[in-house]
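Here is how the chains run, residue by residue.
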Amino acid sequence: MTMVTQDASQALNVKDIVKKATELNDFGHLLAHVPYAKFIGMQVARFGDELVFQLPKKDENIGNPTLPAIHGGVIAGFMEMSAIVQLMVFMQTTKVPKIVDFSIDYLRAGHHRDSFAECKITRQGRRVANVNINCWQTNRKALIATARAHFLIE
């Protein structure tokens, strides 16, 4: 019985956090509750109906110091977190969406500079949502990675 109460209160907290972030148009409040997003330095800005996610240049995110280039896992994690936040904001979720699968294509090296991502929800059903994510650095047309993800939503 206590588990149900805890789950209900956790769901309420997620809903309140998303609602507050959306009302204030400040998604730093939402990202502050995600340890991995804080660790990699992830940021987000809203431009009308679009969210643009930013992964600032950070020495701790380097995977290949010779180039230097961002670690592929950091890029994938950034893109996955971007899709989750996109779903939470635009669907006003009461729970964090659960990843079903994630497929990424690395197109070129992510050099040691700011990176950006945008997400498009391509299908939203009652239980599953599909999201496409594009990541670039200096030019939106020169993608460093693209990904597709499916999430279980409630």
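Here the structure is shown first, and the text comes after it.
For clarity, every value in this text was computed on a predicted model and none was experimentally measured.

Focus on the overall build of the protein
Turning to step 1, where the next piece is worked out: Summing up its helical and strand segments, the protein has four helices and eight strands in all.
Turning to step 2, where the next piece is worked out: Its helices and strands in sequence order give the protein the pattern α-α-α-β-β-β-β-α-β-β-β-β, from N to C terminus.
Turning to step 3, where the next piece is worked out: In terms of C-alpha radius of gyration, the protein reaches 16 Å, essentially the compact-globule figure of 15 Å for 154 residues.
Turning to step 4, where the next piece is worked out: Seen through its C-alpha atoms, the protein measures out along the principal axes to roughly 55 × 30 × 30 Å.
Turning to step 5, where the next piece is worked out: A total of 154 residues make up the protein; the buried ones form 39% of that total.
Turning to step 6, where the next piece is worked out: For the protein, long-range pairs separated by at least 24 residues make up 60% of all intrachain contacts whose partners lie at least 6 apart in sequence.
Turning to step 7, where the next piece is worked out: Total accessible area computed for the protein in this model is approximately 8700 Å², and 53% of it derives from carbon and sulfur atoms.

What about helix α4 (residues 72-91)?
Turning to step 1, where the next piece is worked out: The end-to-end C-alpha separation of α4 is 28 Å, in line with the 28 Å expected for 20 residues at 1.5 Å each.
Turning to step 2, where the next piece is worked out: The buried fraction of α4 amounts to 16 of the 20 residues, a majority that puts the element mostly inside the structure.
Turning to step 3, where the next piece is worked out: Immediately beyond the C-terminal end of α4, within one or two residues, lies Q92, with a positive phi of roughly 50°.

Re the pattern of salt bridges
Turning to step 1, where the next piece is worked out: If you walk through the whole model with that rule in mind, you get two salt bridges.
Turning to step 2, where the next piece is worked out: With a closest N to O distance of 2.7 Å, R140 and E118 form a salt bridge. Here E118 lies in strand β6 (residues 115-124) and R140 lies in the loop between β7 (128-136) and β8 (143-152), a separation of 22 residues in the sequence.
Turning to step 3, where the next piece is worked out: Among the residues examined, R140 registers a relative accessible area of 42% and is labelled partly exposed.
Turning to step 4, where the next piece is worked out: By relative accessible area, which is 14% here, E118 ends up buried.

Points about the sheet that holds strand β2 (residues 50-55)
Turning to step 1, where the next piece is worked out: One open sheet holds the six strands; their spatial order is β1-β2-β6-β7-β8-β5, and the pairing between them is antiparallel. In this open sheet, the two strands that pair with only one neighbour each are β1 (43-47) and β5 (98-106). Direction aside, neighbouring strands of the sheet carry axes that sit 25° apart on average.
Turning to step 2, where the next piece is worked out: Where β6 lies against β7, eight bridges are found, and the strand directions are antiparallel. Looking at β7, one finds that E118 is bridged to N134.

Conventions and cut-offs
Residues numbered from 1 in each chain as written. Predicted model: local features only at pLDDT ≥ 70, side-chain atom pairs only at ≥ 80, totals over all residues. Heavy atoms only, no water. Helix = DSSP H or I, 4+ residues; strand = E, 2+ residues; numbered from the N terminus. Rg over C-alpha atoms; globule rule 2.2 N^0.38 Å. Buried < 20%, exposed > 50% of the residue type's maximum accessible area, 1.4 Å probe, protein only. Contact = heavy atoms within 4.5 Å. Areas by Shrake-Rupley, 256 points an atom, 1.4 Å probe, with all protein chains shown as cover. Expected span 1.5 Å × (residues − 1). Salt bridge = Lys/Arg side-chain N within 4 Å of Asp/Glu carboxyl O. Pairing = 2+ DSSP bridges. Axes fitted to C-alpha atoms, helices over the stretch in contact; angles between N-to-C directions.

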